[in-house]
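Structure at a glance
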Amino acid sequence: MAALEKATGDVVFKFEPFVLHVLCQELQDAQLLHSVAIDSGFRNSGITVGKGGKIIMAVRSTHCLEVPLSHKGKLMVSEEYIEFLIHVANQKMEEN
């Protein structure tokens, strides 16, 4: 709260979801891992094949949160709401 009171610009509370990048030897390995990730609820997962043939499987969670707190130094939400956001973010971290 002390940092928010000193802020002069825009402040955003942001929680980033879990991401795991796995370098795979074969495309079939990446496809198997992708199926497991999707079946486990990591719906934003995907496979990338680079120009050099590098196969990367990214396991990504959907648990994200981004909320503006202040604008031009003016706090736009209550301290109680910030405490609520922290609670929600901590729950998302547990789910990750």
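- The protein chain is annotated in an unreviewed UniProt entry as tRNA wybutosine-synthesizing protein 3 homolog from Eurystomus gularis.
- For the record of the protein chain, the UniProt heading Pathway (unreviewed entry) holds the text "tRNA modification; wybutosine-tRNA(Phe) biosynthesis."
- If you open the UniProt record of the protein chain and go to Catalytic activity (unreviewed entry), you find "4-demethyl-7-[(3S)-3-amino-3-carboxypropyl]wyosine(37) in tRNA(Phe) + S-adenosyl-L-methionine = 7-[(3S)-3-amino-3-carboxypropyl]wyosine(37) in tRNA(Phe) + S-adenosyl-L-homocysteine + H(+)".

1. Structural notes on helix α3 (residues 79-95)
- For α3, which comprises 17 residues, the first-to-last C-alpha distance of 25 Å matches the rise-based estimate of 24 Å (1.5 Å per residue) to within 8%.
- Those residues of α3 not exposed but buried are I82, L85, V88, A89 and K92. Down the axis of α3, the buried side of the element spans an arc of 120°, and every buried residue falls inside it. Across α3 from its buried face, at more than 90 degrees, point the exposed residues E80 and E94.

About the thresholds
Residue positions are counted from 1 within each chain, in the order its sequence is given. Note on the predicted model: pLDDT of at least 70 is required for a residue's local features to be given, and 80 or more for side-chain atom pairs to be given and counted; whole-chain, interface and lining totals, by contrast, use all residues. For the side-chain quantities, the full set of heavy atoms in the structure was used; hydrogens and water were omitted. UniProt positions are given in the numbering used here, feature names are shortened, and annotations may be inferred rather than shown by experiment. Numbering of helices and strands starts at the N terminus; helices are DSSP runs of H or I of at least 4 residues and strands are runs of E of at least 2. Expected helix span is computed as 1.5 Å times (number of residues minus one). Exposed residues in this analysis have more than 50% of their type's maximum accessible area, buried residues have under 20%, and partly exposed residues fall in between, with area computed by a 1.4 Å probe over protein chains only. Read the arc as the range of directions from the helix axis to the C-beta atoms.

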